[in-house]
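Chain by chain, the residues run as shown.
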Amino acid sequence: MIPWLLLLCASVPLVASAAPPKTLGVPPHLVSKYVPSKAGTWTCLDGSKDIPWDFVNDDSCDCPDGSDEPASMLRWFDELPGVCPNTCKEIGEEYQKKRKAELKLRKTGSKIRSTYIAFAHQEKKRLQTEVDKLADEIKVKEKEVQRLQDIADRTESLSQAALEHKQQSPLYQNLIEHHNALKSLQREYKNHLEREKALGLILDTLRTGYNPNYQDMAVLEAVRGWEELAGLPHINDGAEAPKVEGEGEGTQQQGGEKLEEGEWSAEELTHDEHIQAPQEGSILFDVEAYLPDSVVPAYEDFKSSLVNLLQKVGLYRGSDSSGADSSRAWQVYYDAKNELDRLTKDKETKENDIKEIFNVHGFGERGEWKKLDGHCLELDTGDYTYEVCLFDEIKQKPNNGGTTFSLGKFKRWNKDAEPGSPEFYSKQVYKKGTRCWNGPERNTKLLLSCGTENKVLTVQELEKCEYEITATTPALCLPVEEDEKKSGKGREEL
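Note that this is a predicted model, so its numbers are computed, not measured. (Residues numbered from 1 in each chain as written. Predicted model: local features only at pLDDT ≥ 70, side-chain atom pairs only at ≥ 80, totals over all residues. Heavy atoms only, no water.)

**Q** Just checking my understanding: could you explain the overall build of the protein for this structure?
**A** Secondary structure assignment for the protein yields six helices and 10 strands. Accessible area of the protein: about 32900 Å², with a carbon and sulfur share of 53%. (Helix = DSSP H or I, 4+ residues; strand = E, 2+ residues; numbered from the N terminus. Areas by Shrake-Rupley, 256 points an atom, 1.4 Å probe, with all protein chains shown as cover.)

Printed below as a string of structure tokens:
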């Protein structure tokens, strides 16, 4: 309450009239301020607004500070008709009552908020411990990966040397020879298919053009074509068949077809030396096939012991599995490398989580919002239940069956306020929700205020696909001293 309004102005005479003088109730030192401007207006003493000069002492309060009705503040003037009564006492008591309730709420909420801050520090400590543990595991795993890579490289070198050794063996050479024979057979088969096709065309010409009554040119053409294909002399000519160019050369076939390296000619394919060898998997060398079933286990044990003994004395190398060993070595290396990558990524994620805990743009400078990360609140409005998962997503779920819609995913804090201020944390923006039918994507503004519990209060659809939700949270309840310092409020009097 402005002190001058409580002063009694004895120097101003009382006038019992319907319209009190404009300066009635004004202290002498303020009389000079109760003068109209050239435009016929008057400025409230708190500077909040300009009012017509006629509104001063007109039985109606127009200025927020009540300075336009000085006469109404005189206790002995309360009996005059139409003048504003002095209600300062009642207003002050009501204000103090509300103020005490607000302070009590803030004190209770700030205590809960302090537990959120303590949780943030504990979470940072926990994450830092895990980061340190991961760092140690990564060092060990890096050495292991390097060791496995060296083993894989050596195994691959041995495998390559073993392969080169195999290539010099009679068995490998025999396999290459049979491989070339197979390619040659495929070539001959292809040639026979082409010849069969050409012969079919010739015979078809003969069939369609032959006249049994006399020798015509169609028959002659078919005969000449067949003679050329088969390399036969002309009928009644007696001449030898024309020699195909390149015939007799080891690297070419009829028609000048060149042979690939290692391929066999048609004549070479007539030899059958290679088919005399027993086939792979033949029972001829399968000793177990000749033994009774009751003797096979004893035979296996004996064979295994004998093979081990021969390997130890160097008389038997055993089956060469260097290629398989190389593959296994590389597989073990890749498994270890993938595990190292996973540990490294996990460490980076936790380091970023630590930075975000006390980030003013994330969970707050003191980390008071970390406790609520992913915490979900719900409000049942009858037809729908609204689920608000802080820092995640807001959903609209029908209570009587139907589709659940996303009202947006967390995007940012209040960009119109200074980061770190209470106003900055009083609004969250959720964007890119489910698209409305023939409309835009659903978006939501979450308005937060201090409260002793995390609770959704109201949900409104302000316009199509644009929602506003109000909620309370202890995270916004600053200690009274800190709140006054941040808001710039000083001592209040009423």
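**Q** Explain the state of the cysteines to me, please; I cannot follow it from the model alone.
**A** Linking two cysteines covalently through their sulfur atoms gives a disulfide. Overall, the coordinates contain four disulfides when judged by the stated rule. The side chain of C376 participates in a disulfide bridge whose partner is C389; the two sulfur atoms lie 1.9 Å from each other. Since a negative S-S torsion denotes a left-handed disulfide, the C376-C389 link at about 100° is right-handed. One end of the pair, C376, is in strand 3 (residues 376–380); the other, C389, is in strand 4 (residues 384–389), with 13 residues separating them in the sequence. A disulfide bridge connects C436 with C465, and the sulfur atoms are separated by 1.8 Å. With C436 in the loop between strand 7 (427–431) and strand 8 (443–450) and C465 in the loop between strand 9 (455–463) and strand 10 (466–473), the pair connects residues that are 29 residues apart, well separated along the chain. (Disulfide = S-S within 2.5 Å.)

**Q** What exactly am I supposed to notice about the sheet that holds strand 8 here?
**A** Paired through backbone hydrogen bonds, the strands of a sheet run either parallel or antiparallel to each other. With respect to topology, eight strands assemble into an open sheet ordered 3-4-5-6-7-8-10-9, the strand pairing being mixed. This sheet does not close on itself; its edge strands, each paired only once, are strand 3 and strand 9. Neighbour to neighbour, the strand axes of the sheet diverge by 25° on average, direction disregarded. Examined bridge by bridge, strand 3 and strand 4 share five bridges and lie antiparallel to one another. By the bridge assignment, D380 is partnered in strand 4 with T385. (Pairing = 2+ DSSP bridges. Axes fitted to C-alpha atoms, helices over the stretch in contact; angles between N-to-C directions.)

**Q** Looking at this structure, how should I read the UniProt feature "coiled-coil region" (unreviewed entry) in the protein?
**A** UniProt's feature table lists "coiled-coil region" (unreviewed entry) at residues 117–195 and 333–360, given in the numbering used throughout. In residues 333–360, the share of helix is 89% and the share of strand is 0%. The end C-alpha atoms are 43 Å apart. (UniProt positions renumbered as here; feature names shortened; annotations may be inferred.)

**Q** Where do I start with the nonpolar core in this structure?
**A** Soluble globular proteins: nonpolar side chains tend toward being buried together. By size, the foremost hydrophobic cluster in this structure holds 25 residues, and its most contacted members are W369, V388, L390, W413, L446 and L448. Counting only elements with at least two residues in this core, the list comes to strand 3, strand 4, strand 6 (405–413), strand 8 and strand 10. By residue number, the principal contributor to this core is strand 10, which donates three residues. Once residues within four sequence positions are removed from consideration, W369 is found in contact with F363, G364, F391, W413, Y425, L448, T473, A475 and L476. (Core = buried A, V, L, I, M, F, W, Y, C linked by side-chain atoms within 4.5 Å. Buried < 20%, exposed > 50% of the residue type's maximum accessible area, 1.4 Å probe, protein only. Contact = heavy atoms within 4.5 Å.)

**Q** How do you make sense of a nonpolar patch on the surface when you look at a structure like this?
**A** A cluster of nonpolar side chains, F302, L306 and L309, forms an exposed patch at the surface whose accessible area comes to about 300 Å². Secondary-structure assignment places L306 in helix 4 (residues 296–312). Overall, the relative accessible area of 37% leaves L306 in the partly exposed class. (Patch = residues over 30% accessible without salt bridge, like charges linked within 9 Å, V, L, I, M, F, W, Y side chains within 5 Å. Salt bridge = Lys/Arg side-chain N within 4 Å of Asp/Glu carboxyl O.)

**Q** Would you mind going over a positive patch on the surface with me for this structure?
**A** Taken together, the side chains of K411, K415, K431, K432 and K445 present a region of like positive charge at the surface. When you line up the elements, K415 lands in the loop between strand 6 and strand 7. (Lys, Arg positive; Asp, Glu negative; His and termini not counted. Charge placed at Lys NZ, Arg CZ, Asp CG, Glu CD.)

**Q** What exactly am I supposed to notice about the pattern of salt bridges here?
**A** Should the charged atoms of two oppositely charged side chains come close, the side chains can pair. Applying the stated criterion to the full structure yields 17 salt bridges. When the shortest N-O distance is used, the salt bridge between E102 and R106 registers 3.4 Å. Highlighted residues: E102 and R106, both in helix 1 (residues 88–167), separated by four residues, approximately one helical turn. On the basis of relative accessibility, which here comes to 17%, the residue R106 falls in the buried class. Salt bridges sharing common partners tie together E123, R126, E130, D346 and K350.

**Q** What is the right way to look at the pairing of strand 7 in this model?
**A** Of all the five residues making up strand 7, four are buried; the element is thus mostly covered by neighbouring parts of the structure. In the sheet, strand 6 pairs with strand 7 via four bridges, with the strands oriented antiparallel. When the sheet's bridge partners are listed, R412 is paired in strand 7 with V429. Two strands pair when backbone bridges link them, and strand 7 and strand 8 are joined in this way by four bridges, in the antiparallel orientation. By the bridge assignment, V429 is partnered in strand 8 with K445.

**Q** For this particular structure, what's the right way to read the side chain of N443?
**A** Among the structural elements, N443 can be located in strand 8. When residues no more than four places from it in sequence are discounted, the contact partners of N443 are L407, Y430, K431, K432, G433, C465, E466 and Y467.

**Q** What is the right way to read the confidence of the model for the protein from this model?
**A** When pLDDT drops low, the exact placement of atoms in the prediction is not to be read closely. In the predicted model, the protein carries a mean pLDDT of 77, and the fraction of residues at 70 or more is 68%. A low-confidence stretch, residues 1–17 stays under pLDDT 50, and its non-local contacts, those more than four residues away or across chains, total 33 contacts. (pLDDT = per-residue confidence, 0-100.)

**Q** Help me out: how do you make sense of unusual backbone geometry in this one?
**A** Glycine aside, negative phi is the norm for most residues, and most peptide bonds take the trans geometry. One non-glycine residue with positive phi stands out, namely K432, at about 60°. Residue position: K432 is located in the loop between strand 7 and strand 8. Not every positive phi belongs to a glycine, and N438 is a case in point at roughly 55°. When you line up the elements, N438 lands in the loop between strand 7 and strand 8.

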